[in-house]
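Okay, here's what each chain looks like letter by letter:
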Amino acid sequence: QVQLVESGGGLVQPGGSLRLSCAASGFTFSFSSYTMSWYRQAPGKERELVAVTRSFGGSTNYADSVKGRFTISRDNAKNTVYLQMSGLKPEDTAVYYCNALRIGTAGSRYNSWGQGTQVTVSS
């Protein structure tokens, strides 16, 4: 199972920017073989998918609410995935979680979560 540690959260004013990082370790297979995602959960709401970058240089996808403002990227040499957030809005306030998913042959499944990092957008 992959261990994930998020960092970069904090307090930012509306319209500001923030970059989240997720460092991965302890994995058996190459980092490139994992689909990496960012989720978030706001108070009183369900966890939602924010962005995903698929394994082996696959496609990226974003929630409609963050399209054009957020960018997910990964540095496979550093075993790290990032979420660059710009034009932040108060409704972006949430705990942001990193996820690693690998579904291999013969139905093997590896699914890991980070501890989360708080992002607060407020003036």
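Further up the page is the structure itself.
Keep in mind that this is a model prediction, so the values were computed, not measured.

Conventions and cut-offs
- Here the residue numbers are simple positions, counted from 1 along each chain's written sequence.
- Residues qualify for local features only when their pLDDT is at least 70, as the model is predicted, and side-chain atom pairs are given and counted only at 80 or more; totals for whole chains, interfaces and linings, by contrast, use all residues.
- No hydrogens and no water enter the side-chain calculation; it runs on all heavy atoms of the structure.
- Sulfur atoms of two cysteines make up a disulfide when they are within 2.5 Å.
- A run of H or I in DSSP counts as a helix once it spans at least four residues, and a run of E counts as a strand once it spans at least two, with each numbered from the N terminus.
- Three exposure classes are used, based on accessible area relative to the maximum for each residue type with a 1.4 Å probe and protein chains only: buried under 20%, partly exposed in between, and exposed over 50%.
- Here, a strand pair is defined by DSSP locating no fewer than two bridges between the strands.
- Each nonpolar core is a collection of buried residues, namely Ala, Val, Leu, Ile, Met, Phe, Trp, Tyr and Cys, held together in the definition by side-chain atoms within 4.5 Å.
- By definition in these notes, contact holds between two residues if any of their heavy atoms fall within 4.5 Å.
- Helix axes use the C-alpha atoms of the stretch in contact, all axes being lines fitted to C-alpha atoms, and the angles between their N-to-C directions lie in the range 0 to 180 degrees.

A.B. asks: So what exactly am I meant to see when it comes to the state of the cysteines here?
C.D. replies: As used in these notes, a disulfide is a covalent bond between sulfur atoms, one from each of two cysteines. Under the definition given, this model contains one disulfide. Two residues, Cys22 and Cys98, share a disulfide whose sulfurs are 2.1 Å apart. Judged by the torsion about the S-S bond (-85 degrees), the Cys22/Cys98 disulfide is left-handed. Here Cys22, found in strand S3 (residues 18-25), pairs with Cys98, found in strand S9 (residues 94-103); they are 76 residues apart in sequence, far enough to count as distant. Judged by relative accessible area, Cys22 falls into the buried class, the value being 0%. When its relative accessible area of 0% is taken as the criterion, Cys98 is described as buried.

A.B. asks: What's the story with the pairing of strand S8 (residues 80-85) in this structure? I'm lost.
C.D. replies: Note on strand geometry: in a regular strand, side chains alternate between the two faces of the sheet. Where burial is concerned, most of S8 is hidden: five out of the six residues are buried. Across six bridges, the pairing between S3 and S8 is antiparallel. Bridge assignment links Leu18 to a residue of S8, and that residue is Met85. Relative to S8, strand S7 (residues 70-75) runs antiparallel, the two being bridged by six bridges.

A.B. asks: Mind showing me how you'd approach the nonpolar core here?
C.D. replies: Here is a general trend for soluble globular proteins: nonpolar side chains tend to be buried in one another's company. With 28 residues, the main nonpolar core has Met36, Trp38, Leu83, Met85 and Tyr96 as its most contacted residues. If you list the elements that add at least two residues to this core, you get S3, strand S4 (35-41), strand S5 (48-53), S7, S8, S9 and strand S11 (117-121). For Met85, the contacting residues outside a window of four places in its chain are Gly16, Ser17, Leu18, Leu20, Arg69, Phe70, Tyr96 and Val119.

A.B. asks: Would you take a moment to explain the sheet that holds S3 for this structure?
C.D. replies: Hydrogen bonds along the backbone pair up the strands of a sheet, which may run parallel or antiparallel. One open sheet accounts for four strands, arranged S1-S3-S8-S7; its pairing is antiparallel. At either margin of the open sheet sits one strand with a lone partner, and together these are strand S1 (3-7) and S7. Shown here is a sheet whose adjacent strand axes are inclined to one another by a mean of 15 degrees, direction ignored. Where S1 and S3 come together, five bridges link them in antiparallel fashion. By the bridge assignment, Glu6 is partnered in S3 with Cys22.

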